Structures are given as C-alpha cells and as structure tokens.
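Summary of structural features
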Amino acid sequence: MEDYQKLLKTKVCIIGSGPAAHTAAIYAARAELKPILFEGWMANGIAPGGQLTTTSEVENFPGFPDGINGIELMDRCRAQSHRFGTEIFTETVNTVDFSTTPFKVFAESRTVIADSVIVATGAVAKRLEFTGSGEGANGFWNRGISACAVCDGAAPIFRNKPLAVIGGGDSAMEEATFLTKYGSMVYIIHRRDSFRASKIMQQRALDNPKIKVLWNSVVEEAYADETNGRVLGGLKVRNVVTGEVSNLKASGLFFAIGHEPATKFLGGQLELDSDGYVVTKPGTTKTSVHGVFAAGDVQDKKYRQAVTAAGTGCMAALDAEHYLQEIGSQEGKKD
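To start, this report covers the structure provided alongside it.

1. Here's the deal with the pairing of strand β15 (residues 232-239)
Judged from the seven bridges that link them, strand β14 (residues 217-224) and β15 form a sheet pairing that is antiparallel. Residue pairing across strands places V219 opposite V237, the latter belonging to β15. In this structure, β15 lies alongside strand β16 (residues 245-249), joined through five bridges in antiparallel fashion. Opposite G234, over in β16, you have K249 as the bridge partner.

2. Quick notes on the packing of helix α4 (residues 170-179) against helix α5 (residues 199-206)
At a minimum axis separation of 9 Å, α4 and α5 run at an interaxial angle of 30°. Relative to α5, the element α4 is oriented roughly parallel. Where α4 crosses over α5, the two elements pack in a sense that is left-handed. Contacts from D170, M173, E174 and T177 in α4 reach M201, Q202 and A205 in α5.

3. Some thoughts on the nonpolar core
In this structure, F38, F98, V105 and V117 are the most contacted members of the largest nonpolar core, which totals 44 residues. The leading source of residues in this core is helix α6 (residues 306-334), at seven residues. Dropping the residues within four chain positions of it, V105 is found in contact with C13, I15, F38, V93, T95, V96, R110, T111, V112 and V117.

4. Notes on the sheet that holds strand β11 (residues 162-166)
Within a sheet, neighbouring strands are paired by backbone hydrogen bonds and run either parallel or antiparallel to one another. Sheet architecture is open: five strands sit in the order β10-β17-β11-β12-β13, paired in parallel fashion. Two strands in the sheet have a free side with no partner beyond their single neighbour: β10 (145-146) and β13 (211-214). Bridge count between β11 and strand β17 (residues 252-255): four bridges; the pairing is parallel. Across the sheet, L163 pairs through a bridge with G252, a residue of β17.

5. Focus: the sheet that holds β16
Pairing is antiparallel in the open sheet, where three strands are placed in the order β14-β15-β16. Where the open sheet ends on each side, the last strands, each with one partner, are β14 and β16. Recorded for the sheet is a direction-independent mean angle of 30° between the axes of neighbouring strands.

6. Quick word on the pattern of salt bridges
For the structure shown, the criterion picks out nine salt bridges. The salt bridge involving D273 is made with K301; its shortest N-O contact spans 2.9 Å. Of this pair, D273 sits in the loop between β18 (259-261) and β19 (292-294) while K301 is found in the loop between β19 and α6, placing the two residues 28 residues apart along the sequence. For the salt bridge of K301 with D275, the shortest nitrogen-to-oxygen distance reads 2.8 Å. On the criterion of sequence distance, the pair formed by K301 in the loop between β19 and α6 and D275 in the loop between β18 and β19 is long-range, its members being 26 residues apart. Taking the relative accessible area as the measure of exposure, K301 reaches 37% and is therefore partly exposed. Overall, D275 belongs to the partly exposed group, its relative accessible area being 46%.

What counts, and where the lines are drawn
Residues numbered from 1 in each chain as written. Predicted model: local features only at pLDDT ≥ 70, side-chain atom pairs only at ≥ 80, totals over all residues. Heavy atoms only, no water. Pairing = 2+ DSSP bridges. Helix = DSSP H or I, 4+ residues; strand = E, 2+ residues; numbered from the N terminus. Axes fitted to C-alpha atoms, helices over the stretch in contact; angles between N-to-C directions. Parallel < 35°, antiparallel > 145°, perpendicular 65-115°, else oblique. Left-handed = near helix turned anticlockwise from the far one by under 90°. Contact = heavy atoms within 4.5 Å. Core = buried A, V, L, I, M, F, W, Y, C linked by side-chain atoms within 4.5 Å. Buried < 20%, exposed > 50% of the residue type's maximum accessible area, 1.4 Å probe, protein only. Salt bridge = Lys/Arg side-chain N within 4 Å of Asp/Glu carboxyl O.

This is a description of form; function is not addressed.
In structure tokens form, the structure reads like this:
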C-alpha cells in the first residue's frame, strides 16, 4: 500500500451514490454502524446521485405529489445520510479485495478496511450518439430524448404525440407497448430485419395497432420542433439497406438498448450473471461472498426503479447488520 493512502476502518462500507446506497447508509447509520460511503467522482460518467441526476422531473417516487427534480431528490437523500452520521467521500472506488476478511476497499486517496461491504454502484443506460442526441443547447436529451419510458413516458410533452423507441429486445417491446398508452403512434426503430425479443413480446408489439416497426433503420439526427425549438420535433432515419433518409415526426425518442452495470471494479471477485449484474441470493441482498451485499440496479435488471433500489438498499443494510451480529457473536464464542 502506498504511503499517501489514508487508512480508515468501518463496520460497513457502502459503494455508490443513488437511492440504494443512501437508503442503506440511512439504515446503517441509524443502527449506529457508522458507515463510510464512497459516492464516486463522475464514476461511469455520472455525477454523484446516480441515474436520477440525469433525469429532470421524477413523478413516480412516493411522497412527492407534484414531482421532484432528480438532482434535488438525491441531494435530499444525501443530506439524510449525512444527518445520521454517514461519512461520505467524493472519490471513486478503483479496486476491492474480498479474498479475506476484513475486506479492503481502495479509492483514489483512501483505503477502507471494512467488516462488511454494500455494493450499490448502479447501472448506466446505454445511449446512442448522433447529431442532436446529447445534452446542452444543441441536444434533446431530457427535452424529448430519454432512456426510460416507464420514468418519463407519461410526461405532458409526449401525450397524444408520435413517439419512437430504438431497440429490438424485450425491453424495447415492453417500452413501446407501454408508450401506446400516451402517444398517438409509437415507432420501433431497429437496425436489423428481425427482433431478438422473445416471441410473445414481439407478437404483443406487432399486434398493437398503435405500433409501427421501421426495419433496417438507424437514427442519424434529432431535430427541433417547428413551434417550440427547445424540444424534440423529429428524426432523420436512414434505411441501412437502401441508404434512403426520411423524416419521422416524433416528440419523444426512447433508447431501449440495454444497461451496463458498474461491476468492472470488482475484478471478478463476486459472481456476476451473463450480463455483468451481481448475482444475489433470491429474497436477500447476499452475494457470492459472505459479508458482501449488493443493492439497487447493480443487481436488478428487471425493475430498475428508484423506489425498488431504495427498498433493496434497506434490505442490504439490514442484511449487513445481521451479518455483523453473527460474526460478533462468533468472535465472542472464540474469546
């Protein structure tokens, strides 16, 4: 270990900064476990606070009937963690050592020796890059372009308007079907001539009169609405077989091309599934390593909601507390 590394010890080290991490921290801190939390510094290209910091209005989190800005919601979660005594460091964890107990967590300028660890590093929605897809003045991210239909699809700007979904898997079919509740028409844009989605999900989408598929197609550009230049108005879509480019009127575009869980830093020390998500024992947050727990989207590729992440954060803290009692009583027996 380098001399400049500060060495800290804790009963619980939490890695992450979203609803799962902060809920775990609130529960652990209130149980007087004095948790240390690494919230990261632009980890996976996202600010501390996780995916909610990339959304504008959150309308499906209980307790906020008028909705709440995603950044504000996470600021409140962070303040609550801090209030109960969580020590928060704005550093990214680079590596871990789960081979022996206590566990070691290595960040940029600190090493933490922890009796238990909660991994809540989340997953990042994959996004495509093309003219107009980004943030800022020339892009329509959060102004018509999103990566979560369930989160954003009911927004007023999408009501009774043509919408588009990019993707060909189950999530694309599910999101397109969901959006038919709100949009006038939903276009599925897919670069191939067949879907990889399960047959039942494909059929459900193909049978829906409000869904139209644009096969062998990719989006080349997103452009502004004619009357309101600040929001998305349409897409330039290229057919990859003929090369023909056409205009598609769309007030909303949703990426449904998968998520990437933030698990690379684990170095293969926890069991992951084929998509890279941490495997947890059903009904718990227990991982393949006794004393290491996982919460939130890093272990959930099905629901991926802020409120479900918070729920598993609570579970992880309670699982960790129970584990610490267990090893404490074992040590007591040895004495």
